[in-house]
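# Breakdown of the fold
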Amino acid sequence: MRLLDSLRFRFAALFQREQMNAEMVDELRSHIAHRADDLERAGMTREDAERRARIEFGGQGKYKEEIHASLGNHLVETIWQDVRLSLRTLRKSPGFLAASVLTLALAISANAVVFSVLNAFLLRPLNVAHPSSLYQLQHANEASSYQSYPDYIDLRDRNRSFDSVMAFTADEVGLDSGQGDPSEIWIEEASGNYFDALGLQPYLGRFFHASEEHGADSAPDIVLSYEYWHTYFHDDRSVVGRVVRLNRHPFTILGVAPQDFNGTLMFFNPAMFVPLVEHPVLGSNDLTTRGDHWVFDVIGYLKPGVTQAQAVADLNGIGKALEKAYPKDESNMAFTLRRPGLYGDYLGQPVKAFMAALMSLTMLILLAACANLGGLFAARAAERSREVALRLALGSTRTRILRSLLTEALLISLAGGAVGLAGSVALLHALTAWRPFTSWPIHLAVNPDANVYIVALLLALVSGLLFGAVPVRQVLDTNPYEVVKAGTGGSSRRRVGVRDILLVAQIAICAVLVTSSLVAVRGMVHSRSAALGFDVEHSMLAEVDLGMAGYTGDRVAPMQKRLMETMQRVPGAQSVALADAVPFGMGVGDAIVFPDSAPDLLPAHAAAKPYLFHVSPDYFRAAGTRLLAGREFQWQDDKDAPRVAVVNEEFARLVFGSANGATGRAFKLKDGTRVEVVGIAEDGKYYNLTEEQQPALFIPILQAPNASTVLLVRAAPGTENAALLLGTAMRRSLRNVDATMPVIIETRAAPLQVMMFGPRMATISLGVLGLMGALLSITGVFGMAAYSVSKRLKELGIRMALGAQRREVLAAALGRPVKLLALGSATGLLLGILAGKVLTYIVYEANSHDPLVLGGVVVAMALLGLLATWIPAQRAMSVNPLILLRDE
Amino acid sequence: MAQLLPGTLDLLILRAVSLGPLHGYGILLRIGQISGNALLIEQGALYPGLFRLVKQGLLKSSWGTSENNRKAKFYELTVAGRKRLQEETESWNRLAGAIAAALSQQPEEA
């Protein structure tokens with residue numbers, strides 16, 4: 001209680017109460033002394049006179065209270081009294097206390113977590129100067145902002161609507177800091193004006209600037225991100241000026257970016273920033289090819305006073321001019337402005353849709369919890385009706401009683417809010433610290449801020465007070481004489497009460513949540529059996545960027561062949577292939593193809609825009625992709641042989657009209673090369689599980705050499721973890737080939753998991769929400785059933801004494817809660833089916849009409865009901881009429 | 001002795017203090033004196049009234065030394081207090097006169 005005392009002291013000090021008390025005591029003492037003086041003068045001894053004076057005066061405490069009351073300063077004191085009273089009464093019913101605090105804590109933590117994520121992704125501005133006028137120059141017809149470097153320069157220099165137009169691209173490079181052990185890291189290559197335009201100040205050293213760029217490879221500089229500097233260089237301030245190697249080229253570390261800046265893309269945290277003009281050194285693109293759209297993102301600050309529409313018109317004007325000047329290279333040059341943080345609409349749309357859906361579901365949780373609280377408060381008020389009646393009869397005012405009820409509600413909402421918030425903060429910190437993938441710098445910065453705390457506490461207070469107010473009418477209607485006369489039974493009117501409605505509403509909400517979580521889980525299971533067009537089991541990927549290891553130009557092809565041969569000798573390897581990219585892997589590119597008969601190669605005459613994979617001989621066997629017609633690539637399909645390709649069915653349908661007889665026919669690539677189809681592969685998924693069927697084009701890597709290298713190795717069928725053993729063996733033999741070559745080895749399923757990250761997180765959150773809903777409906781039904789049993793215990797006892805069967809007793813005791821449960825579940829199930837549409841945003845093949853899902857919901861709700869009514873039922877069955885009747 | 005009518009204690013205090021600064025016990029004695037000891041006032045009940053009047057700005061208080069050479073808190077009227085005393089006295093007199101007249105009236109149809 002020391003804490004409470006000190007709190008109390010602080011309150012008092014706040015109102016200078018202590019000082020006033022002291023003065024009051026002095027004054028009253030002076031009064032008594034004067035009176036004693038008079039009495040002494042009248043002949044009493046001093047001692048008697050003082051005693052007499054004190055007695056005449058009466059209780060000083062009472063007058064002190066009256067003085068305080070007369071000054072109207074009693075608010076704090078009264079509240080304090082209310083709080084103490086509520087704490088005492090609450091401590092007497094720990095079950096109610098725990099149930100209500102936990103219910104609220106659950107709902108508040110769910111809401112705080114979801115709101116915090118929403119806050120971090122959508123509400124919180126980027127950590128740069130003037131975030132509100134920073135826009136991404138997105139293509140009007142698709143959610144991307146790819147540009148070629150010359151396009152970027154034209155957009156930057158010819159527009160009149162933006163103060164600065166910046167560009168950046170993400171790249172994976174091999175870092176050798178001179179300490180051995182080369183590592184692969186993600187960097188952001190940014191235009192020279194990047195840091196200055198964003199208004200940033202370096203944490204250490206300096207940034208690179210626009211004035212230092214003089215064409216390709218003119219500024220081999222590095223600005224480290226704070227986090228990478230902290231974890232990799234251990235806060236070593238002497239790194240500034242040090243030279244390290246990226247893909248074997250020397251780069252100088254200029255400085256460290258500010259602590260809270262991780263680039264302008266929300267999820268992507270690069271290890272370092274490098275000038276964009278260094279891209280040709282690190283990658284395979286150059287700064288001059290107009291048609292090579294490798295620049296990932298273009299962003300800019302809108303000039304003050306320029307509207308978005310004006311800026312778009314300005315950009316579209318430039319785009320038109322470029323399309324006219326370079327008809328072979330340019331298409332797709334109409335623009336729209338978007339927020340840059342989530343790469344415009346690409347992530348912005350799904351994240352917004354997902355967060356909206358999730359937020360509405362968690363609000364449902366809060367509603368259910370509130371309904372639950374309302375039920376709890378109403379039951380408690382009913383149980384306390386006798387106490388309330390007594391207090392009223394003894395002269396307490398209704399205001400006073402209501403005030404104590406509201407104080408209880410307030411205390412519970414504060415406690416629930418605090419517990420919930422603490423839980424959610426722990427979860428959010430864990431989420432923020434979480435690095436879901438080793439090979440991707442994906443980072444969910446969802447740390448809560450003041451917004452989150454305020455929203456959580458407000459929600460707690462509003463819901464607590466709102467539903468703490470449920471029993472107000474009950475109290476106002478209490479007629480003390482009736483209640484005292486009639487005993488605890490109170491009014492036995494069997495009408496549809498507030499509590500019944502609350503319970504049905506709550507169960508309906510919970511059934512919606514359970515339905516949606518089952519739909520999500522079912523979708524997830526479904527997605528595992530989706531037709532991928534390749535076999536994920538028993539195979540491993542080894543990603544080797546030969547460019548990083550210094551193999552370029554003519555050295556690439558022999559090295560790739562050597563790598564394949566090395567892999568074929570690895571024990572346990574059954575078939576081996578090599579590709580520049582694999583479906584669901586990194587760096588999946590696309591191509592534009594034209595019919596053989598196309599008069600010219602303008603974008604308007606394109607027949608399809610397929611995903612493009614450059615693959616080695618034996619690829620389809622190693623990948624587990626069925627060839628429906630034609631043949632695999634051979635080692636003879638090299639630069640000197642006629643150009644050939646394998647296409648998927650969709651490609652054949654789009655370009656040739658049908659897959660039948662497509663072998664032997666030809667199409668043209670953008671550069672005019674005529675390519676003959678030698679095989680048809682089965683359709684599959686290439687980038688995303690939820691994608692529509694896309695065309696895909698496979699070209700022999702020997703005919704289009706490419707330094708990006710992914711080795712695909714299928715394990716010989718055998719032991720359980722053959723693939724993993726294979727991985728270890730692969731790493732060992734790759735080391736033997738070139739120890740300085742950075743390698744990433746992962747299972748074939750791993751990149752799918754990256755792609756499935758979003759849907760999987762969605763399924764997990766829906767699952768958790770469903771569980772919460774289930775938990776809440778259990779407590780709700782349990783509360784109702786327990787209350788109904790305890791209230792009618794006497795009646796049940798009498799029934800049993802009169803010879804009622806156990807079944808009849810149970811029906812009498814639990815009939816109502818069970819009926820409400822059934823009604824609520826049915827309503828919820830219907831609503832859940834309707835809500836299925838919302839889920840299609842998040843869940844693969846969301847289908848709420850699935851009989852398995854519907855059956856699952858019915859079974860789940862029935863089980864919940866059984867679980868929730870089990871204990872009350874036991875209690876009702878074990879009623880001993882004798883003891884019970886003796887009791888009252 | 002007569003019980004005080006509700007609300008009249010404030011008026012009595014103002015009246016008592018209007019004759020010169022007094023401490024609490026002094027006010028009690030003065031009320032006794034000017035009312036001919038006809039009114040019963042609980043000693044402690046005086047103080048909530050005093051604090052209230054100070055808070056309303058009708059009285060001001062300061063610590064000093066009493067005639068018994070004891071430390072005591074003295075009260076005196078403020079300008080607002082003097083004005084209030086005048087108003088209250090007038091309104092009381094009107095009320096008292098009206099009630100006295102009403103009570104002394106003989107019924108006509110007796």
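Since we're looking at a predicted model, the values are computed, not measured.

## Some remarks on the overall build of chain A
Of regular secondary structure, chain A possesses 28 helices and 22 strands. When each of the 888 residues of chain A is scored for burial, the buried share is 42%. Relative to all contacts within chain A whose residues are 6 or more apart in sequence, the contacts with residues 24 or more apart total 81%.

## Brief notes about the interface of chain B and chain A
Contact with chain B, which involves 17 residues of that partner, is made by 16 residues of chain A. Taken together, the elements giving at least two residues each to the side of chain B that touches chain A come down to helix H2 (24-34), helix H3 (46-55) and strand E5 (71-77) of chain B. At 5 residues, H3(B) tops the list of elements feeding residues into the side of chain B that touches chain A. Residue composition of the side of chain B that touches chain A, grouped by class: 5 nonpolar, 6 polar and 6 charged.

## Points about the confidence of the model for chain B
All names here are of chain B. On average, residues of chain B score 84 in pLDDT, and 92% of them are at 70 or above. Across chain B, the element-wise mean pLDDT spans from 66 in strand E1 (residues 2-3) up to 91 in E5. ipTM for the predicted complex: 0.89, alongside a pTM of 0.67.

## A short note on the nonpolar core
Residue and element names in this part refer to chain A. The biggest cluster of nonpolar side chains holds 98 residues, and the ones touching the most others in it are Ile365 and Ala369. When residues of this core are traced back to their parent elements, those giving at least two are helix H6 (94-123), helix H12 (345-383), helix H14 (398-433), helix H15 (450-468), helix H18 (498-528), helix H24 (757-791), helix H26 (806-839) and helix H27 (851-877). Here this core gets 18 residues from one element, more than from any other, and that element is H12. Apart from residues no more than four positions distant in its own chain, Ala369 is found in contact with Thr103, Leu104, Leu106, Ala107 and Leu776.

## Notes on the sheet that holds E5(B)
Residue and element names in this part refer to chain B. Strand order in this open sheet of 3 strands is E2-E5-E4, and the pairing throughout is antiparallel. Among the strands making up the open sheet, the edge pair consists of strand E2 (22-23) and strand E4 (59-65). The strands touched by helix H1 (residues 8-18) within the sheet are E2, E4 and E5, with E5 carrying the most contacts at an inclination of about 100 degrees.

## Here's the deal with the environment of Leu14(B)
Residues and elements named next belong to chain B. On the secondary structure map, Leu14 appears in helix H1. Under the C-beta neighbour-count criterion, Leu14 is labelled buried, with 22 such atoms within 10 Å. With residues near it in sequence (within four places) discarded, Leu14 still touches Leu58, Leu77, Gly81, Arg84, Leu85 and Glu88.

## Some thoughts on the pairing of strand E15 (residues 611-615) of chain A
All names here are of chain A. Counting buried positions over the 5 residues of E15 gives 5, a clear majority of the element. The alternating pattern of E15 places Tyr611, Phe613 and Val615 on one face and Leu612 and His614 on the opposite face, and all of these are buried. Where strand E13 (residues 589-590) and E15 come together, 2 bridges link them in antiparallel fashion. Opposite Gly589, over in E15, you have Leu612 as the bridge partner. Examined bridge by bridge, E15 and strand E20 (residues 696-700) share 5 bridges and lie parallel to one another. For Val615, the partnering residue across the bridge sits in E20 and is Pro700.

## A word on unusual backbone geometry
Residue and element names in this part refer to chain A. You will see that Asp217, though not glycine, has its phi angle at about 55 degrees, which is positive. Position of Asp217 relative to the elements: it lies in the loop between strand E4 (204-205) and strand E5 (221-224). With a phi close to 75 degrees, Asp618 is a non-glycine residue in the positive phi region. Here Asp618 shows up in the loop between E15 and helix H20 (619-623).

## Focus on the pairing of strand E18 (residues 666-669) of chain A
Residues and elements named next belong to chain A. In the sheet, strand E14 (residues 593-595) pairs with E18 via 3 bridges, with the strands oriented antiparallel. Residue Phe594 lies in a different strand from E18, and its bridge partner there is Lys668. Bridge analysis of E18 against strand E19 (residues 674-681) gives 3 bridges, and the strand direction is antiparallel. In the sheet register, Phe667 faces E19, and the bridge partner there is Val675. Connecting E18 to the antiparallel partner E19 that follows it, the hairpin turn spans 4 residues, and Gly672 within it adopts a positive phi of roughly 95 degrees.

What counts, and at which threshold
Residues numbered from 1 in each chain as written. Chains lettered and ligands numbered in written order. Predicted model: local features only at pLDDT ≥ 70, side-chain atom pairs only at ≥ 80, totals over all residues. Helix = DSSP H or I, 4+ residues; strand = E, 2+ residues; numbered from the N terminus. Buried ≥ 20, exposed ≤ 12 C-beta atoms within 10 Å, placed from the backbone. Contact = placed C-beta atoms within 7 Å. Nonpolar A, V, L, I, M, F, W, Y, C, P; charged D, E, K, R; others polar. pLDDT = per-residue confidence, 0-100. Core = buried A, V, L, I, M, F, W, Y, C linked by C-beta atoms within 7 Å. Pairing = 2+ DSSP bridges. Axes fitted to C-alpha atoms, helices over the stretch in contact; angles between N-to-C directions.

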